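Understanding the architecture of this molecule
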Amino acid sequence: MPGIDKLPIEETFEDSPQTRSLLGVFEEDAAAISNYSQKLFQAMNRIYDAQNELSAATHLTSKLLKEYEKQRFPLCSDDEVMSSTLQHFAKVIDELSSCHAVLSTQLADAMMFPITQFKERDLREILTLKEVFQIASDDHDMAINRYSRLSKRRDNEKVKGEVMEDVYTSRKKQHQTMMHYFTALNTLQYKKKIAILEPLLGYMQAQISFFKLGSENLTQQWEDFLTNIGTSVQNVRREMDGEVDVMQQTIQDLEQASDLLYMPDPDPSQVPVNRNLTRKAGYLYRRNKTGLVSSSWERQYFFTQGGNLMGQARGHVAGGLVMDIDNCSVMAVDCEDRRFCFQITSFDGKKVVILQADSRKDCEEWIATINNISKRIYLSENPEEIAARVNQSALEAVTPSPSFQQRHESMRPTTQGRSRAARTSSVSSVGSETASPALSVLSLDALVAPDTPIQFDIISPVSEEYAGQAKAAGQGRTNPFGESGDTPPEESEDSILHQLFIVRFLGSMEVKNADNSDVIYETMRQILAARAIHNIFRMTESHLLVTCDCLKLIDPQTQVTRLRFPLSSVVVCSSHQENKRLFGFVLQTAEGRVDGRPVTVCYIFESNNDGEKICDSVGLAKQIACHSEMDRKATEKKEEQDKAKEKQQEELSKQKQIEKDLEEQSRLIAASSRPTPPAPSADGQFLVLSKSQSEDSDAGQEGREKGESDA
């Protein structure tokens, strides 16, 4: 017999749209079988009724022939030949009547019984299971919807327990009903052949037995053919029995293995999270905006196909593209009315999709799968093996190895690394280098302290420092959103450079060394490893504003400045060598610790764009700031020179005035030194005046003359 398609019982728990579509094909086939079987039953029933009628008619004919001699005809009543002939015919017809009765019995047992049993038992069972499955599926959908609307508050544990028990019961009932329904449909493929062939076999065998008395040759010809058909029927029956046993064993195994999965939120210790997936499918709730502040949730079947996330509603034949998840970002988010939600943002940041999983396990697996696809691991030959290796490396990387330097020195390339000038540059971009940089020969202890804590929230010593300075200086008040009332004087609204980037904060930690970009790579490694080990997927999304004065982290919803980094404090900025979306920068605070050493902190971010562009933008801002500072100093120097010239001119004018006064005084002294006639006294005699008296008199006379001229 040719191979028979069957429904996969293993996929009943997933209940995907593909499985439902295949189920619809089997249901259409079952309906066609039922329609055809009904027509075949009516035809065979007519044969059976005709045979019964023929048997009854034959028996009635024999009876009438026997009663012929008892009839009293007015004419020819004593025709013994006729009576004897009819008695002979009655005997033969009576024997034929007995044969027809036997044939009717054989038709009832061999032809009508199998097709009647198939119609009344097997097809009715399919219809009953279909109704039960539909009821179980509706109950399961209602339970899932009620469970998804559970509040996040813990004050109603009784209702939560009832809802979870309802989900468990409805999911188990749907799964078991669906498995039995699939088994019945699979078995129907065998039973329909038996239901068609077995009645025909019984009909032909009854006819052969009926005609065997007078047609041995014909009977022998049909017996060989019917023997072969009977053998085939027996083989199909044995194959059906074996397949039924296998399906029953599969049902038992799946019921035992799926008992933990019936719970909507299984225990992670019993059902661990698989973070090595590169493909995943399942039902999720998608958030759709219906207004400015209102939204609705729609349950759909989502699956990954290459680098695309596809969605398919129940009843649809094929799925549609939801978004491209290559180079996308995914993180867990908090929704006011839902749990286990995560957000997917496209690589350009223009499209955002918020989805809700049924459990924490599903939520973490979806996030891990999309992260793996975003890294293009699915393009390799063994994607799951590579994903497992990457995750294992992340787990091993959380604790620095003592032999880190020796292990990486053995892997250093033979080509020359970057020059010392490039390594000590204040701002560098890894992606702009043509040759692969050599690994840093610094030890881990020289870069990052072994027990340095990692901050995954946006908390910065720089922000605390500036807040302290603002409070000490008595600057403006601080609003509830974290912004100060006054803007620092160095920030200008008409800055030459204004570039905005969408970034997500991964973490920050204090570092020891800030001479090159190796400290940024080591900080990235430790922060990513710590997130992988502690299952931290949530990232704070912000807008990074790059200006000529500072770097700002702005809340995208409230437009509130979360952090402000002075551009002069940025020492090094670099992107990751392989994952270009990762970048970081090292910041040195103005104030130091007790020992006087400045506090150096490394901040790590993930961007939707290329991290090199952000680093180039920061470098351009520092160049513009440097040129602005040089212009400012040149202007100040020119102003100082102008002031010095003005002061020199004032001193020269004062000197000239002093010289002029001295010349005038000399002239007056010379004029006063000329001889004057003696003045007569009162008694007619002349008095001789001394030199001082003469000068006093001359000065008095000059003062009087000056007063008269002024008047």
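Before reading further, recall that the structure is shown in the block above.
Described below are features of the structure shown in this document. (Residues numbered from 1 in each chain as written. Predicted model: local features only at pLDDT ≥ 70, side-chain atom pairs only at ≥ 80, totals over all residues. Heavy atoms only, no water.)

1. Notes on the sheet that holds strand S1 (residues 281–289)
- Strand order in the open sheet made by the 7 strands is S4-S3-S2-S1-S7-S6-S5, with antiparallel pairing throughout. Of all strands in the sheet, those bounded by a partner on one side alone are strand S4 (320–324) and strand S5 (329–333). In this sheet, neighbouring strand axes are inclined to one another by 40 degrees on average, regardless of whether the strands run parallel or antiparallel.
- As paired strands, S1 and strand S2 (residues 295–305) are joined by 9 bridges and run antiparallel to one another. By the bridge assignment, Arg 287 is partnered in S2 with Trp 297.
- Packing against the sheet, helix H1 (residues 17–66) makes contact with S1, S2 and strand S3 (308–312), and its axis sits at approximately 85 degrees to S2.
- Together, S1, S2, S3, S5 and strand S6 (341–345) form the strand contacts of helix H5 (residues 360–374), whose direction differs from that of S6 by roughly 15 degrees. (Pairing = 2+ DSSP bridges. Helix = DSSP H or I, 4+ residues; strand = E, 2+ residues; numbered from the N terminus. Axes fitted to C-alpha atoms, helices over the stretch in contact; angles between N-to-C directions. Contact = heavy atoms within 4.5 Å.)

2. Here's the deal with unusual backbone geometry
- Within the chain, Asp 15 stands out as a residue other than glycine whose phi angle is a positive 55 degrees.
- Along the polypeptide, Asp 15 turns up in the segment before H1.
- The class of Asp 15 is buried, set by a relative accessible area of 6%. (Buried < 20%, exposed > 50% of the residue type's maximum accessible area, 1.4 Å probe, protein only.)

3. Topic: the pairing of strand S14 (residues 598–607)
- Most of S14 is tucked away, with 9 of its 10 residues classed as buried.
- As judged from the 7 bridges shared by strand S8 (residues 498–510) and S14, these two strands associate in the antiparallel manner. Counterpart to Ser 508 in the pairing with S14 is Tyr 603.

4. Overview of the nonpolar core
- Ranked by size, the top nonpolar core spans 49 residues in total, and within it Phe 342 and Ile 344 carry the most contacts.
- No other element matches the 5 residues that H5 contributes to this core.
- When near neighbours in sequence (up to four residues on either side) are disregarded, Phe 342 contacts Leu 284, Val 330, Met 331, Ala 332, Val 333, Val 353, Ile 354, Leu 355, Cys 363, Trp 366, Ile 367 and Ile 370.
- Residues Phe 505, Leu 551, Cys 573 and Tyr 603 belong to the second largest nonpolar core, which totals 26 residues. (Core = buried A, V, L, I, M, F, W, Y, C linked by side-chain atoms within 4.5 Å.)

5. Quick look at helix H3 (residues 157–211)
- Helix length check: H3 (55 residues) gives 79 Å between terminal C-alpha atoms against 81 Å at 1.5 Å per residue, within 8%.
- Most pronounced at Gln 189, the bend in H3 amounts to some 35 degrees. (Expected span 1.5 Å × (residues − 1). Bend = angle between axes of the 7 residues up to and from the residue.)

6. Describing empty space enclosed by the protein
- Tallied over the entire structure, the rule returns 1 cavity of 30 Å³ or more.
- As a volume, the largest cavity reaches approximately 40 Å³.
- Taken together, Ile 144, Tyr 147, Ser 148, Tyr 285, Gln 356, Ala 357 and Asp 358 make up the lining of the largest cavity.
- Here the lining of the largest cavity gets 3 residues from one element, more than from any other, and that element is helix H2 (residues 80–148).
- Partitioned by chemical class, the residues of the lining of the largest cavity number 4 nonpolar, 2 polar and 1 charged. (1 Å grid on protein atoms, 1.4 Å probe; cavity = no way out; pocket = protein on both sides within 12 Å on 5 of 7 lines; lining within 4 Å. Points joined across faces, edges and corners; volume = space filled by probe spheres on them. Nonpolar A, V, L, I, M, F, W, Y, C, P; charged D, E, K, R; others polar.)

7. A closer look at the packing of aromatic side chains
- Taken as a whole and judged by the stated rule, the model has 13 aromatic pairs.
- With a centroid separation of 5.0 Å and 55 degrees between ring planes, the pair formed by Phe 565 and Tyr 603 is classed as tilted. On the criterion of sequence distance, the pair formed by Phe 565 in strand S11 (residues 561–566) and Tyr 603 in strand S14 is long-range, its members being 38 residues apart. Accessibility classification places Phe 565 together with Tyr 603 in one group, the buried group.
- Grouping aromatic residues by their ring pairs yields a cluster made of Phe 505, Phe 565, Phe 583, Phe 585, Tyr 603 and Phe 605. (Phe/Tyr/Trp six-rings, centres within 6.5 Å; stacked < 30°, edge-to-face > 60°.)

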